[in-house]
Structures are given as structure tokens and as C-alpha cells.
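Structural overview
Spelled out from the first residue to the last, the chains are:
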Amino acid sequence: MAKRLIKVELYQIAKSSMFFIMVITCCIMSFFFTSSDYLLEPIVQNTPNNVVGIYMNSIADVGVALIIIAGCYSAYLFGEQFKQRTFNLKIGCGYSRTQLYLVQCLKTFLIVGLLIGLAVVVGCLKYGIADLIKAVSENMGYFIRSLIFIFFLAFAIVSFCLIFAVIFQDTTKTLIASFVFLFVSCYIMAAIVTNFLASGNHSSAYGISEGAIMKFYPPYLWRWALNPDLNSNQLILTLVIALIWSVVAVSIGCYIFKKKEIK
Amino acid sequence: MGRLIKLECYKLLKDRLFWTIILLIILINSVMFAGQDISIDSLAQKMFLTIVIVSLYGTSFIAKDYEEKKIIYEILSGNSKTKILFAKILITALGIQIQLLVFPIVIGFINNKFTDENLKIFLVIYFWLGIFLSFLATMMANIFKSQGLSIGCAIVFHLITLLSVNSSSVGFIMAHILPVGMIKLVLNNYVTLNQYTVTLIVWDLVLLILALICVKKSEF
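A short tour of the structure in this document, coming up. (Residues numbered from 1 in each chain as written. Chains lettered and ligands numbered in written order. Predicted model: local features only at pLDDT ≥ 70, side-chain atom pairs only at ≥ 80, totals over all residues. Heavy atoms only, no water.)

Regarding the environment of V44(A)
All names here are of chain A. Looking at the element boundaries, V44 is found in the loop between α2 (17-33) and α3 (51-83). Judged by its relative accessible area of 4%, V44 falls in the buried class. Separated by 74 residues in the primary sequence, V44 and L118 place their C-alpha atoms 20 Å from one another. Excluding residues that lie within four positions of it along the chain, V44 makes contacts with M56, N57, A60, R223, L226 and N227. (Helix = DSSP H or I, 4+ residues; strand = E, 2+ residues; numbered from the N terminus. Buried < 20%, exposed > 50% of the residue type's maximum accessible area, 1.4 Å probe, protein only. Contact = heavy atoms within 4.5 Å.)

Remarks on the interface of chain B and chain A
Often, the extent of an interface is quoted as the loss of accessible area upon association of its parts. Contacts between chain B and chain A engage 27 residues on the former and 23 residues on the latter. Where chain B abuts chain A, roughly 2100 Å² becomes buried across the two surfaces, and 85% of that area is made up of carbon and sulfur atoms. For the chain B face of the interface with chain A, the top three residues by lost area are L49(B), L159(B) and L163(B), together amounting to 27%. Where chain B meets chain A, there are 1 salt bridge. Between E67(B) and K83(A) there is a salt bridge whose closest N-O contact spans 2.4 Å. Where chain B packs against chain A, one counts 2 residue pairs in polar contact (both at pLDDT 80 or more). Breaking the side of chain B that touches chain A down by element, the ones donating at least two residues are α2 (16-32), α4 (48-67) and α8 (147-166) of chain B. Among the elements that line the side of chain B that touches chain A, the one with the most residues is α8(B), at 12 residues. Of the residues contributing to the side of chain B that touches chain A, the split by class is 19 nonpolar, 7 polar and 1 charged. (Buried area = accessible area lost by both parts, 1.4 Å probe. Salt bridge = Lys/Arg side-chain N within 4 Å of Asp/Glu carboxyl O. Polar contact = N/O pair within 3.5 Å; in protein donor to acceptor, adjacent residues only side chain to side chain. Nonpolar A, V, L, I, M, F, W, Y, C, P; charged D, E, K, R; others polar.)

Brief notes about the layout of surface pockets
Approximately 670 Å³ is the volume attributed to the second largest pocket. Along its surface, the second largest pocket is lined by 27 residues, and F168(A), D170(A), T172(A), K173(A) and L17(B) are the ones closest to its centre. Each residue belonging to the lining of the second largest pocket can be placed in one class, and the counts come to 11 nonpolar, 6 polar and 10 charged. (1 Å grid on protein atoms, 1.4 Å probe; cavity = no way out; pocket = protein on both sides within 12 Å on 5 of 7 lines; lining within 4 Å. Points joined across faces, edges and corners; volume = space filled by probe spheres on them.)

Things to note about the pattern of salt bridges
Residues and elements named next belong to chain B. One pass over the structure, following the stated rule, counts 10 salt bridges over all chains. With a shortest N-O distance of 2.4 Å, K11 and D65 are connected by a salt bridge. Here D65 lies in helix α4 and K11 lies in helix α1 (residues 2-14), a separation of 54 residues in the sequence. Among the ionic pairs, K88 bridges to E74, the shortest N-O distance being 3.9 Å. Within this pair, whereas K88 is found in helix α6 (residues 81-111), its partner E74 is found in helix α5 (residues 71-76), the two being separated by 14 residues in sequence. We note that K88, like E74, is buried. Look at the salt bridges and you will find they share partners, linking E8, K11, D65, E74 and K88 into a network.

Brief notes about empty space enclosed by the protein
All names here are of chain A. Applying the stated criterion across every chain, the model contains 3 cavities of 30 Å³ or more. The volume enclosed by the largest cavity comes to roughly 50 Å³. Lining the largest cavity are I59, S146, F149, I150, L153, L221, W222, A225 and L226. Going through the elements one at a time, α7 (140-168) and α9 (218-224) are the ones with two or more residues in the lining of the largest cavity. At 4 residues, α7 tops the list of elements feeding residues into the lining of the largest cavity. Partitioned by chemical class, the residues of the lining of the largest cavity number 8 nonpolar, 1 polar and no charged.

Here we look at the packing of α1(B) against α4(B)
All names here are of chain B. Two elements in contact, α1 and α4, have axes separated by 12 Å at closest approach and are oriented at 120°. Judged by the inter-axis angle, α1 sits oblique to α4. Judged by the twist between their axes, the crossing of α1 over α4 is right-handed. Side by side, α1 and α4 meet where E8, K11 and L12 of the first sit next to Y57, F61 and D65 of the second. The class makeup of the residues in the contact of α1 with α4 is 3 nonpolar, no polar and 3 charged. (Axes fitted to C-alpha atoms, helices over the stretch in contact; angles between N-to-C directions. Parallel < 35°, antiparallel > 145°, perpendicular 65-115°, else oblique. Left-handed = near helix turned anticlockwise from the far one by under 90°.)

Right, here's the structure in full:
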């Protein structure tokens, strides 16, 4: 039964002009702000001096802004369904609330991953299509790995915005709350965490853990996981952490969605 | 015009989201500045989130009337579209100024650290920025006529500002063009207060003309 629901959502995305406007906006942003200057001042550790280096730093820099845009867009799409009362119709058609919420999560997972992944690749195209294809074929493993992390880590961060949509059931409040949450978690908190780790000063907020707890924080992992020299244990751990955060956020959201009276 | 302003003022003061945002701004800034020495420079550096929140609220305040078609009642009452637009801009600017300046003023007087000259420059900079944000909100709301879309576009605009001002290649040039980026230049004496004011007035005029064209051409 959920298959039909997924089909409806995919059809809506495919026919939505706003989705394509978002794709174009993200691609343009990535195209303009991806820069070869990343190689002079790299954000990611062990950055190679080629297109792959630009690609990984582009994910670390422009990718964070794209998480905010894609996250707000997903929250908007979810919030609009409350506003337009689409959920009332779907519930009336016999779908369970769990099914509805999980399908929305799947939609968010695909939209966020696709928007960021596509935009980052488009951003790197300005350094030559042939060079990029050559780099992809030579580093296929790294590209697949980074794309998997884009999908899972971005969803781990953005999935919390869906909770705001369920709580507020209003586009404006959802968008403002999502933006504040994403901006604080991706820019402000991640910067504080990075400074703590870089300076080795763990005296105040993270005294007991001595920095280890930051490795469980998805916006920090977003940049950390791009390091090409990570071993397989570290990669698996990153993926597991992303999955745990996603499951927690989806469970909370699903629980609230089931209990909440829809307007 | 007086009645329109009164109406908008009533809507603003009765809007629970307006007061919630003021509380949110005070809360976020209090956490961000906790245990730190507050100066004009640090205030200007860490106010970006406040600027965006305020801008999003202003956009939603104007777009709400278009989305819920309440503007039709104002037009049917015999008010011209231009008057309605100016009343909205005026009250949105007032709301934005209150939200934008509440934390700096409170913290300035509690700490008693700012000299008169510093505080004066800071308030003038943020006054003009508040006006710019209200014109930006008006233009976004007039183009999209939907809260979600106009807020989304405002978010994209502010993120583009952030990325371009921080860009190593075009950052310095963009900081001379984009109002939020110019704040740092004024405080570091790269740009005079007069140049900043003129640039923002130009931005305001362009946004106002665009909003006027949109409101004149649009059907509600």
C-alpha cells in the first residue's frame, strides 16, 4: 500500500517546478562558490592537489550552505502538506500515520541527497568536464563513499526539521525554526567543536569526553568524514552514527505525528 | 493612510510570533555571548543569525496578507495599492528595528561599555540595515505572494551573502556591494558611514521600485 504513496510523492516531485528551481539554485550557488582557492587553504585534512581536492572541500564549504537550503526546502514541503490539508485526505484514504511519516522521510532523504550531490558535482565541472570524469574514474571508491555520506549525514541533520513541521503545522514557523536549528548546528556549533579540537582545549563544555563526543555530532562528521585517509572502521562508525541520529529523529517525529491532532 | 498604519500596527503588536521572535533573539544572543567580553566588533560579527531571523519574520509578516488574501479587504475599502504598500513597509520597518536593536540596546545599557560615539555609529548602521531588510521583505512578499516561497528566497539571499562575503576571491568586492557585508567594512574604517548610507539608500530605492511595479501589476 505504501508503494502507491511513494509513487504519488515521486510523481509530485517530478512534476514540481519548484523542485527544478531549487536544483538550479543549488547548482548555480555551487558553481559560483566552488573555488580552486580551497587547495591553498584546505578545510579537509589530507586534501590532494587536484579536482578531487576541490570536490571534497566544496562539500565541506558550499555543502554546508546547501544542507541549510535543502533542509529548509524539505521542511517547507512537509509543512505545506499540513497547510493544504493533504494529510487529512491521505489519512481518509486509509494510510496509517506511520506510513505517511516514513514516506515523507524517504522523500526528504532522496531530495536532500540529490540536491547536494548534484550541486557539488556541477560546481566542480567548471574545472573541466574531462578532468572531473578522469578524477571520478580514478577515485571511484572515494566518490561513491562521499555520495553515501552526503545522503546519510545530510538526512541525519535535516531529519530534525521534519519534527518542527509536525509540531508547528505551519510553514512560516517551521521554516524559521528549521533555519535557526540548521544554522546553529551546522555553522555555530560545528565551528565551536572544530576550534575545541584544533586547540586541544576541552576544559569547559566537553571536559569529560576530551573531544571524543564531538565525533558523534553529524555536522562535525560532515567535514571529518571527507578525509581520504580514514580507515574502514572509522567509515563504518560514521555511517552507524548517522543512522542512529536518523532513527532517533524519525522515531521522535513519528511519535509526535501519531499523537498530534492534525488541524 | 493613518488608519492603514494603525491597522498594521495593531496586527504587529497582536502577533504572537513577533514577541516570540524577540524572546528567541534575546535567548540566542545571550547564549552566544555568554562569558565573553562584548564589544561593538563582536556584536557586529555575531549578529548575522539575528539579521536573518528578523528578515524572515518581516517577509512572513507582509506575505501573510497576500497569502490569506486579506489585502483584498484593504483594497476594497478604497485604499490605493501604493498607500497599502507604504503602510506595510513602515510598520514592518518598525517591527524589524525593534527586533534588530533590542539585544544591542539592552546589553549596551546593562554593561555600560559602549562609548557614546561607538553606540551612535552602531545604531545608525543597524537602523539603515533594518530599513533595507524591510524593503527586501516587501519585495520578496510582493513577488511570490506566499509565505513559504518568500521566506525560502530570503534564506537563499542571505546564504548567498554569507558565502560571497566569506569567499577569498570575491569577498572584498562583494562586501562593498552587499549591505550585511558592508557593516564590517564600516567598523574597520574601510568605508565611511556616509558611503554606507548612500549604498543602502540605492538598494532601498531599487527594491522599492521593484515592489511598486509588482504591486501595481499584480492581481489579487
